[in-house]
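Here are the chains, one letter per residue:
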Amino acid sequence: MVFESKHPKIAIVGRPNVGKSTLINTLLGEERVIAFDQPGTTRDSIYIDFAHKDKHYTLIDTAGLRRRGHVFETIEKFSVIKTLQAIEDANVAVLILDAKNEISDRDAHIAGFILETGRALVIAVNKWDGLDEYQRDTIKRELARKLAFLSFAQLHYISALHGSGMKNLLPSIDQAYAAAMADLSTPKLTRALIAAIEKHPPPRGGMSRPKMRYAHQGGSNPPLIIVHGTMLNHVPETYRRYLENTFREVFKLKGTPLRVDFKVGHNPYAGKKPAPLTEAEARQAHGRRRRNRKKYG
Ligand SMILES: Nc1nc2c(ncn2[C@@H]2O[C@H](COP(=O)(O)OP(=O)(O)OP(=O)(O)O)[C@@H](O)[C@H]2O)c(=O)[nH]1
Ligand SMILES: [Mg+2]
């Protein structure tokens, strides 16, 4: 297989034994990596090139992450760096949760790390087989409560073992990748910004009202949108969030975190002492002062 350089790299991550390796084997249609009912089966990140419907992907199988205190661990101590590197190295992370175990804070922490690195995210709740309606409803409610901060990500209920519920997984990954890499033009961003301001102007900060003039894209994966203007130092976090949601909606950025930053317009006089006057300027200023004194007493 010859791979062009620009194709999604997808890290499959989650707690130990949730079914990451099984998912990879099912996507590939062959037993390429070892899956086994024992936490810590995968010890090292494994990169696998893969083509589906003429599209290329690199899948990364990773060692399961757990959390002890404030740090992440894997069953095998040295593996943790490899898993965290794989997340950073990827464009999209697929977070696998285990429906047969409680969705816990530890899952939320892994998600938090993915968000901090800015990677696009797809969530798959695995082992959805063999659960009754009541159990499924309970899990769905739990997820809505515990993972509300991940509402930008697509969620799938799957059985990696039986291959069910997986039809839309790759399309979601494609969508998250496209959103993470989106090219957003300055005129379109600025139009969206101005419409957002007209609907809800930013609140005053003390004596001054922030003025937002235009927006441009400062980066991708995650998309970074930089809003330019004056008096932007005191724009509250809630307003930043409002702009973020507006841009997400207008540009249909499903599946990727998004960052909005403010940049105060360059003021050429800021922080500079006035240059000393030349002799001629000093004479002129002196003359002006004298004339003014005569005129106005
Ligand atoms: N019932 C059920 N079992 C599953 C499913 N997916 C995986 N398993 C089982 O869960 C166990 C762990 O699967 P793995 O794929 O090795 O899990 P992993 O996340 O790669 O685990 P580590 O590499 O140890 O972190 C195996 O016994 C799998 O057969 C599923 O969809 N349903
Ligand atoms: Mg594994």
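Residue indices follow the written sequence of each chain, beginning from 1 at its first position. Starting at A for chains and at 1 for ligands, labels are handed out in the order in which the entities are written. For a predicted model such as this one, the threshold for reporting local features is a pLDDT of at least 70, and the threshold for listing and counting side-chain atom pairs is 80 or more; totals across whole chains, interfaces and linings nevertheless cover every residue. Side-chain calculation: all heavy atoms of the structure are included, whereas hydrogens and water are not.

Enquirer: What's the story with the coordination of the magnesium ion (ligand 2) in this structure? I'm lost.
Expert: Listed donor atoms are N, O and S within 2.8 Å of the metal (Na, K and Ca: 3.2 Å). As water is not included, a site may look incomplete. Here the magnesium ion (ligand 2) is held by the protein donor atoms S21 (OG) and T42 (OG1), which lie 2.0 to 2.1 Å from it. A residue pair is termed long-range when its members are at least 10 positions apart, and S21 in helix α1 (residues 20-28) and T42 in the loop between α1 and β2 (46-52) qualify at 21 residues. This pair shows no difference in class: S21 is buried, exactly as T42 is. We count a stretch as a helix when DSSP gives it H or I for four or more residues in a row; a strand needs E for two or more, and each element gets its number in order from the N terminus. Using a 1.4 Å probe on the protein chains alone, a residue whose accessible area is under 20% of its type maximum counts as buried, one over 50% counts as exposed, and one in between counts as partly exposed.

Enquirer: When you look at the sheet that holds strand β8 (residues 154-157) in this model, what are you seeing that I'm missing?
Expert: Two modes of strand pairing occur in sheets, parallel and antiparallel, and in both the strands are linked by backbone hydrogen bonds. One open sheet holds the six strands; their spatial order is β2-β3-β1-β6-β7-β8, and the pairing between them is mixed. Here the strands that pair on one side only, and so sit at the sheet edges, are β2 and β8. Taken over all neighbouring pairs, the strand axes of this sheet differ in orientation by 25° on average, direction set aside. Pairing between strands is defined by DSSP: at least two bridges between them are needed. Of the strand pairs in this sheet, strand β6 (residues 92-98) and strand β7 (residues 120-126) are connected by seven bridges, and their pairing is parallel. Considered in β7, the bridge of L97 is made with V125. We call two residues contacting when some pair of their heavy atoms lies within 4.5 Å. Axis definition: a line fitted to C-alpha atoms, limited for helices to the stretch in contact. Angles are taken between N-to-C directions and run from 0 to 180 degrees. Relative to strand β1 (residues 9-14), helix α2 (residues 79-89) is tilted by about 140°, and along the sheet it contacts β1, β2 and β3 (55-61).

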